[in-house]
Amino acid sequence: MKTIVSALVFSALSVSAFAQDATVSSELIKRGEYLARAGDCVACHTNGKSGKAFAGGLAMETPIGTIYSTNITPDKKTGIGDYSFEDFDNAVRKGVAKNGSTLYPAMPYPSFALIKEDDMRAMYAYFMHGVPAVEEANRESDIPWPLSMRWPLSIWRGVFAPTPADFVADANADPLIERGRYLVEGLGHCGACHTPRSITMQEKALSNNEGDDYLSGSNAPIDGWVASSLRGDHKDGLGSWSEAELTEFLKTGRNDKAIVFGGMSDVVEHSLQYLTDEDLTAIARYLKTLPPKDGKQQTAAPVADSVAKDLWRGDDSKPGAALYVDNCAACHRTDGVGYKRAFPALKGNPVVQTDDATSLIHIVLTGNTTPAVKGAVSNITMPPFGWRLDDRQVADVVNFIRSSWGNDAKAISAADVADVRKDRSMIRDEKAMGSAQVPDHPDAAK
């Protein structure tokens, strides 16, 4: 998964194209392409839908400035053509560029350190022989000096990045689960987004063996979205999902309970839909082995609840209820269960109940369109409501959703909505906000 951490982004990687080697087999190149898909390299190293694959240029905003992803095509002038395998391996698994500088750890080399050398050689063959060369100069970062200095990153890397070592499966474990663990911990680098980070920006755990912070959900928004827990919590994790439901979600971006949105849409579109059913099942089966954080299982939303009955009777006196009926109920229904594989359930939805409501606020403001992928070829769009609802109204409807049908999450304020609305590093789609300027509710300033 894309996956990118907003406070740490890719360094400028200045390299050029590999020399051709007639001894490289088409099978090796094909395998390397598959592995590059599993690592979702294209999502970060391509400048949106209009950019050329792997040519870099994707802007990544951080609190200290903007950095741009780099050209990793085999162009000799601007790409990675001069990298030997050792140079390539050092960059991907160690975070060290050809010139010796340290890459920013948004390049997830702490996770990639687990990739097997054989897989690295296959990916090297793919980038050398299977990717068209594109002459596209790398852009310098907008980070001002002295924050732009790289030498402190080498200290960070020495303290927090593991030494590369081939993944070793547990001989006593289910081989399919171990395959899933390799994909999740290594190539898929799921922890880069779904694991909370310390104040020094390293992931609090790189595997479940290092603690149950691993994959317990991000503790800060990433590009305006909060990555939810992938552990076995019923309330805000995957505890209520079956292996089959999770596999379907990974493959198509939707199932009977949820639909993909935000940064995870890119992961499904560019990476997961191309994986084999066996690998997707392996990922799902591994994730289902993760217990709830702190070993405490939270109660799932009840089957029956009073809110649905009240709305059915026409009682919309609860704050935010009338707004919900007017704007949301047509798709998500008055009982909050939605319509399977089209409009996701809000009742018991893990994203709805995360401590940080940024994702829910964001999607109410800007809407979302699901990617069309194999097995789910139609786009489904939720319209934006930021142009017609002010901050207090958005807060009221979000609070209604987070406290109805058995959902139990803390309330937000109009000021919380105002923070998301005004943060253009989190909401990049200006058109989704509408052309009309909605005045802030007076409470937003409190």
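Residues numbered from 1 in each chain as written. Predicted model: local features only at pLDDT ≥ 70, side-chain atom pairs only at ≥ 80, totals over all residues. Heavy atoms only, no water.

As for the nonpolar core
Piece 1. Formed by 61 residues in total, the largest nonpolar core has its most connected members in F127 and L287.
Piece 2. Ranked by residue count, the leading element in this core is helix α5 (residues 117-129), at 8 residues.
Piece 3. Looking at which domains feed residues into this core, each of domain 1 (26-160) and domain 2 (175-295) supplies at least three.
Piece 4. Those residues in contact with L287 that sit more than four places away from it in its chain are V184, L215, L230, L238 and L246.
Piece 5. V352, V364, A395 and V397 belong to the second-largest nonpolar core, a separate cluster that totals 31 residues. (Core = buried A, V, L, I, M, F, W, Y, C linked by side-chain atoms within 4.5 Å. Buried < 20%, exposed > 50% of the residue type's maximum accessible area, 1.4 Å probe, protein only. Helix = DSSP H or I, 4+ residues; strand = E, 2+ residues; numbered from the N terminus. Domains from an automatic or database assignment. Contact = heavy atoms within 4.5 Å.)

Description of the packing of aromatic side chains
Piece 1. According to the stated counting rule, one finds 14 aromatic pairs in the structure shown.
Piece 2. With centroids separated by 6.1 Å and ring planes inclined at 50 degrees, the aromatic side chains of F88 and F127 adopt a geometry described as tilted. Separated by 39 residues along the polypeptide, F88 in helix α3 (residues 85-94) and F127 in helix α5 bring together distant segments of the chain. For the pair shown, F88 and F127 are each scored as buried.
Piece 3. Cluster of aromatic residues (ring-pair linked, three or more members): F54, F85, F88, Y124, Y126 and F127.
Piece 4. Seen from the ring of Y68, R139 lies directly overhead, with NZ or CZ sitting 4.0 Å from the centre. (Phe/Tyr/Trp six-rings, centres within 6.5 Å; stacked < 30°, edge-to-face > 60°. Lys NZ or Arg CZ within 6 Å of the ring centre and 35° of its normal.)

A short note on the packing of helix α15 (residues 358-366) against helix α17 (residues 414-422)
Pairs of packed helices are described in terms of their axes, by the angle between the two and the distance that separates them.
Piece 1. Running from amino to carboxyl end, α15 crosses α17 at an angle of 65 degrees, the nearest separation of the two axes being 10 Å. Considering only the axes of α15 and α17, their crossing is right-handed. In contact with T358, I361, H362 and L365 of α15, α17 contributes D416, V417, V420 and R421. (Axes fitted to C-alpha atoms, helices over the stretch in contact; angles between N-to-C directions. Left-handed = near helix turned anticlockwise from the far one by under 90°.)

Considerations on the packing of α15 against helix α16 (residues 391-402)
Piece 1. Orientation of α15 relative to α16, taken along the N-to-C sense of each, is 125 degrees, at an axis distance of 10 Å. One finds that α15 runs oblique with respect to α16. Seen from above, α15 lies across α16 with right-handed handedness. Between α15 and α16, the contacting residues are L360, I361, V364 and L365 on the first element and V394, V398, I401 and R402 on the second.
Piece 2. Residue classes in the contact of α15 with α16 are distributed as 7 nonpolar, no polar and 1 charged. (Parallel < 35°, antiparallel > 145°, perpendicular 65-115°, else oblique. Nonpolar A, V, L, I, M, F, W, Y, C, P; charged D, E, K, R; others polar.)

Some thoughts on the UniProt feature "binding site: heme c 3" (unreviewed entry) in the protein chain
Piece 1. The positions UniProt marks with the feature "binding site: heme c 3" (unreviewed entry) are C328, C331 and H332. Set against the second largest cavity, the annotated residues named above that line it are C328.
Piece 2. For C328, the location among the structural elements is in the loop between α13 (321-327) and α14 (329-332).
Piece 3. Ignoring anything within four residues of it in the chain, the contact list for C328 reads L323, R333 and V397.
Piece 4. Positionally, C331 belongs in helix α14.
Piece 5. Residue C331 is classed as partly exposed on the basis of its relative accessible area, which comes to 29%.
Piece 6. When near neighbours in sequence (up to four residues on either side) are disregarded, C331 contacts G338, Y339 and F343. (UniProt positions renumbered as here; feature names shortened; annotations may be inferred. 1 Å grid on protein atoms, 1.4 Å probe; cavity = no way out; pocket = protein on both sides within 12 Å on 5 of 7 lines; lining within 4 Å.)

Looking at the side chain of T66
Piece 1. Within the secondary structure layout, T66 lies in strand β2 (residues 65-68).
Piece 2. Relative accessible area serves as the criterion here: at 16%, T66 is assigned to the buried category.
Piece 3. Those residues in contact with T66 that sit more than four places away from it in its chain are A59, M60, E61, S141, D142 and I143.

Focus on a nonpolar patch on the surface
Piece 1. On the surface, W145, M149, W151, I155 and V159 cluster together into a nonpolar patch covering about 610 Å² of accessible area.
Piece 2. Following the sequence through the fold, W145 ends up in the loop between α5 and α6 (151-160).
Piece 3. When its relative accessible area of 68% is taken as the criterion, W145 is described as exposed. (Patch = residues over 30% accessible without salt bridge, like charges linked within 9 Å, V, L, I, M, F, W, Y side chains within 5 Å. Areas by Shrake-Rupley, 256 points an atom, 1.4 Å probe, with all protein chains shown as cover. Salt bridge = Lys/Arg side-chain N within 4 Å of Asp/Glu carboxyl O.)

What to know about empty space enclosed by the protein
Piece 1. Using the criterion set out here, one finds 2 cavities of 30 Å³ or more in the structure.
Piece 2. For the second largest cavity, the calculated volume is near 40 Å³.
Piece 3. L323, N327, C328, V364, F385, L389 and V397 are the residues that line the second largest cavity.
Piece 4. Classifying every residue of the lining of the second largest cavity gives 6 nonpolar, 1 polar and no charged. (Points joined across faces, edges and corners; volume = space filled by probe spheres on them.)

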